[in-house]
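Architecture at a glance
Residues per chain, in single letters:
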Amino acid sequence: MLHIVDDEEVLRDSLLWLAKSRGIPATVYDGGKAFLAALDGIGRAAAGQCALLDVRMPDAGGIAVFDQMAARGLTQVVPVIFLTGHGDVPMAVDTLKRGAFDFFEKPFNDNKLMDRVQEALAASERAAAGAAVRTRLAALSTREREVLDLILKGKMNKVIADELGISMRTVEVHRAHIFDKMNVKTAVELARLLK
Amino acid sequence: MKPSPPPIPSPGTPSRKQPAWRWLLPLFLALLFVTSLIWLPLHEKRQESMERQEQLVADSLWVEQTIRFQLQRNEESLSLIGTEIVAGYLKGPRLVGRMERLIRDNHEIHRIIALDADGRLLASTDETPISYRELSAPSRHAAERARMLHTPLYSEPAPDVTGPVMIDFHVPLFSHGKYIGCIVASYLASSILNDMVPWWFAQDNEIALTDMNDTLIYKRASGGAGRDVYTHTRVLNLAGLSLKLKTNSVKGAPRLLPSLLVDIVILLSLGLLWSLVALWRDINRRQAAETALREQINFRAAMENSLVTGLRARDLDGRVTYVNPAFSRMVGLEAEDIVGRVPPMPYWAPEAVDEYQKRFSQVLAGTVTPQGFETIFQHADGRRIPVLIYESPLVDGSGRQTGWMGSILDISERRRIEDLNRQQQEKLQASARLATMGEIASTLAHELNQPLAAISSYTTGALNMLARRQDEGAVDAVSLTHALQQVNAQAQRAGQIIRSVHTFVKKREPAREAVTVAELVDSVMTLVELQAQKYFVSVRTGIPAALPPVLADRTLIEQVLLNLTRNGVEAMQAAPPGRRVLRITAGVEAMPDAPPMVVVSIVDQGHGITPEVAERLYSPFFSTKADGMGLGLSICRTAIEFHGGTLTHGADPQGGTIFRFSLPALQNAPIDTTMPSDEASPVGSA
């Protein structure tokens, strides 16, 4: 989902239309405040997200919005692309260093912008997936983490039981729990997930 | 006024030591003079006193002799009478007659009596005859002695029965050795002095007759009492009687300063001494004043030498009589090269000579203004120095004006700072203008960015859609229509923005009126002169009065004139002074197949225009000046062309450049009164 944040109605509309022409789902916000209000919901949404922020807006400028997102740790999940007028380039470069995805100076090449938007959506999906795996890993117990590490090294249950000084049976129980918690069926699947 | 203060001898010890011996001789002479002044009167007094004493002695001697001679003569007369009595020749009345005659001739004799041997009276000159008994005792004693000694004798002075002190002269008469009587002549003691001493002597001296015991017998003091200064005593030896004749001058001791001459001499001497003292004091004062003056001169010399202000004194003929070191430094000439010179001065800049002459004649006429005036001097190395001169009259001790003193301030630094300030100000204004232009451009760009960006997005989207739908075989007409409508609207909006800028710039409509070139030139002449004065350029105009008027925007054409004249003046900065002339001429040019044009030419005699510069002369943002914006000529040309004329330039055959612009003459020149808005900005200066 592409979030277009601009105070100019014409620009919002033209960008929305452009996104639609590339098959990118998009929503529009008429200012930074409106976008910030919707931000929590956006952060929890599963699909790829991206925000197009105009640097200059009357209520809350793009930079301020970006700072808010950074504070909530959302800049990975919702990559930000800035749209700048003339003379805002140094400011935009500064935001790049702080984790913004990209910036475009007006007037911009529209299709290149849309290409970067798609890349940002993909990056968002990856970031969201990574975040999910980290959540599942966090659910494992200490012993389960030890067993997981040895499984990922490709060791058999017996070897794992020997190394940890526990019974085979216990290793199997742990293994079943790990697969269950990580939502996988096989060790190969598990390895791919944690690659 | 001296050319320069004379070298001042250091106020040192030699001049202080001098008086010690210099005063010795006058002091010695003064002492000698005083000594002789004291000694001379004393000496003279002694001399005079001796002379007087001698005179008194001589006079006294003479008086004494006179008395004695008189007495002797009387003695002889009486002896003769006695002889005749003895001879019996004289008797009775004849005797008396004889005696009376004697008394009559000799007043000093008081009376004469003749006595016989028994002392009876024979004859007497007195009415009341005195008897022998009635004679005083000393008289009788003298008579006894005379009879005994057979010689006439004088008696001691003594008062007789009648009262006064008498001295009797007894002449004993003997006949054949027998005493027959005597003749007694009585002298009044007083009449000896009163009748026998001459009056002139008595006038000057107190004369006293005393006996040998200094008992006073009689004193004559008709001239006053004696002073006991000059005295003399003579012994008057008479037969049987010795008396002392004492003379005592009534004159006192000679006064120390007796004569007027001496008085005058002393007075004069005192005066001399006083004037000596006065002179001495005056010299002291003078020396003190000299020292003070010397210190003052030193002080002033130091002051003058330390001044950075140049000082120049001139006499009434304009001859320089003095310059201080600061002035010499300022013009780079030695004081000797300037002092004594009459105009033209070596430090006059050739281009400003007229101004100097005018100023100089003003100064000589005395119409000089106390507040300073600015001009330029030429340094010895040819550099020009802007200076500020203040003149004030130079007055001598008697209040007569002897010349003029001028203080000259080198204001190059001030001028430089002023120029710098002005340049900075201009630069600041220029950058401010640029900043404003930048601001406008920025705003414009931002305003145009929005619709352009929208248009770009719509069209890209539309193309995307068309490409995709072509694959699928159908195009969403509704979507495309929306996009294209939006594109149209945004394009309209961009056009609106451009139009609004036009309207904004267009607001200042040119005001055209019929004016003559002469009016236009007149109205800017003050400013042109101001520019020209700075570089000592003279401006000459040659505009015929009969020129037809032109229809023009006054402000624009004035700006064009200002711009072109300024360029001309600045082009002559480095030209020799004689060539710094800017000419503004005008005339009518009529081509056969074109309306008549009024042509204005601005002719300078400056450095000219090189072909490379000429190529880009009217291009905007091209300038040969360090601080120029390069808009002046470009705007000038636009302004003139807008009026329907042309702006051209060419090289002046005499050197320099001619800028020429033409404007259509009014009578038959149809003129477009609207002006393209992008040319309406006022003419700036290059």
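Criteria and cut-off values
- Residues numbered from 1 in each chain as written.
- Chains lettered and ligands numbered in written order.
- Predicted model: local features only at pLDDT ≥ 70, side-chain atom pairs only at ≥ 80, totals over all residues.
- Heavy atoms only, no water.
- Helix = DSSP H or I, 4+ residues; strand = E, 2+ residues; numbered from the N terminus.
- Buried < 20%, exposed > 50% of the residue type's maximum accessible area, 1.4 Å probe, protein only.
- Contact = heavy atoms within 4.5 Å.
- Areas by Shrake-Rupley, 256 points an atom, 1.4 Å probe, with all protein chains shown as cover.
- Pairing = 2+ DSSP bridges.
- Axes fitted to C-alpha atoms, helices over the stretch in contact; angles between N-to-C directions.
- Polar contact = N/O pair within 3.5 Å; in protein donor to acceptor, adjacent residues only side chain to side chain.
- Phe/Tyr/Trp six-rings, centres within 6.5 Å; stacked < 30°, edge-to-face > 60°.
- Lys NZ or Arg CZ within 6 Å of the ring centre and 35° of its normal.
- pLDDT = per-residue confidence, 0-100.
- Salt bridge = Lys/Arg side-chain N within 4 Å of Asp/Glu carboxyl O.

Observations regarding the overall build of chain B
- Of regular secondary structure, chain B possesses 17 helices and 22 strands.
- Here chain B, with 686 residues, has 39% of them falling under the buried criterion.
- Taking the intrachain contacts of chain B between residues at least 6 apart in sequence as the baseline, contacts between residues at least 24 apart amount to 59%.
- Surface summary for chain B: the accessible area is close to 38,000 Å², and the carbon and sulfur share equals 58%.

Considerations on the sheet that holds strand 8 (residues 216–220) of chain B
Residue and element names in this part refer to chain B.
- Ordered in space as 8-7-10-9, the four strands form an open sheet in which the pairing is antiparallel. A single partner strand is all that each edge strand has here, and the edge strands are strand 8 and strand 9 (231–238). Taking each pair of neighbouring strands and ignoring which way they run, the sheet shows an average axis angle of 20°.
- Sheet analysis places strand 7 (residues 205–211) next to strand 10 (residues 241–249), joined by seven bridges and oriented antiparallel. Bridged to D211 within strand 10 is L243.
- Each of strand 7, strand 9 and strand 10 touches helix 3 (residues 24–86); the most contacted strand, strand 9, lies at about 20° to it.
- Contacts from helix 6 (residues 189–196) reach strand 7, strand 8 and strand 10 within the one sheet, and its direction differs from that of strand 8 by about 30°.

Examining the side chain of A:S21
- Following the sequence through the fold, A:S21 ends up in helix 1 (residues 9–21).
- For A:S21, a relative accessible area of 2% translates into the label buried.
- A distance of 2.5 Å separates a polar side-chain atom of A:S21 from the backbone oxygen of A:L18.
- One polar contact links the side chain of A:S21 to the main-chain carbonyl oxygen of B:G461, over a distance of 3.4 Å.
- Excluding residues within four positions of it along the chain, A:S21 makes contact with B:G461, B:N464, B:M465 and B:R468.

Quick look at the environment of B:R583
Residue and element names in this part refer to chain B.
- Relative to the assigned elements, R583 resides in strand 19 (residues 581–589).
- Along the backbone, R583 and R540 are 43 residues apart, and their C-alpha atoms lie at a distance of 4.8 Å.
- Not counting residues within four places of it along the chain, the set of residues in contact with R583 comprises R540, S601, I602, V603, D652 and Q654.

What to know about the packing of aromatic side chains
All names here are of chain B.
- Under the definition given, this model contains 13 aromatic pairs over all chains.
- Here the aromatic rings of W348 and Y356 are separated by 4.7 Å at their centres, their planes lie at 45°, and the arrangement is tilted. Y356 shares its class with W348; the two are buried.
- Aromatic rings pair up to connect F327, Y347, W348, Y356 and F377 into one cluster.
- Over the ring of Y89 we find R94; its NZ or CZ atom is 4.2 Å from the centre of that ring.

Concerning the pairing of strand 12 (residues 320–323) of chain B
All names here are of chain B.
- Direction of pairing for strand 11 (residues 310–315) relative to strand 12: antiparallel, over a ladder of three bridges. Counterpart to R312 in the pairing with strand 12 is V323.
- In this antiparallel pair of consecutive strands, strand 11 and strand 12, the connection spans four residues, and G318 shows a positive phi of 90°.

Section: the confidence of the model for chain B
All names here are of chain B.
- On average, residues of chain B score 80 in pLDDT, and 87% of them are at 70 or above.
- At the low end of the mean pLDDT range in chain B sits helix 1 (residues 14–17), at 48; at the high end sits strand 20 (residues 597–603), at 92.
- The model gives residues 1–16 a pLDDT under 50, and that stretch makes 19 contacts with residues more than four places away or in other chains.

Examining the pattern of salt bridges
All names here are of chain B.
- According to the stated counting rule, one finds 34 salt bridges over all chains in the structure shown.
- Put simply, R234 and E64 hold a salt bridge, and the shortest N to O gap is 3.5 Å. Note that R234 is positioned in strand 9 and E64 in helix 3, a separation of 170 residues in sequence.
- Linking D315 and R319 is a salt bridge whose minimum nitrogen-to-oxygen distance equals 3.8 Å.
- In this structure R319 comes out as partly exposed when scored by relative accessible area, which is 34%.
- Among the ionic contacts, a cluster of salt bridges with common partners joins E513, E519, R554 and E558.

Brief notes about the sheet that holds strand 14 (residues 384–395) of chain B
Residues and elements named next belong to chain B.
- Spatially, 12-11-15-14-13 is the arrangement adopted by the five strands of the open sheet, whose pairing is antiparallel. Strands at the two margins of the open sheet, each flanked by one partner only, are strand 12 and strand 13 (373–378). Going across the sheet, the axis of each strand differs from the next one's by a mean of 35°, ignoring polarity.
- Here strand 13 runs beside strand 14; their pairing, made up of six bridges, is antiparallel. Within strand 14, the position partnered with F377 by the bridge is I385.
- Packing of helix 11 (residues 353–365) onto the sheet brings it into contact with strand 11, strand 13, strand 14 and strand 15 (401–410), and relative to strand 13 it is tilted by some 125°.

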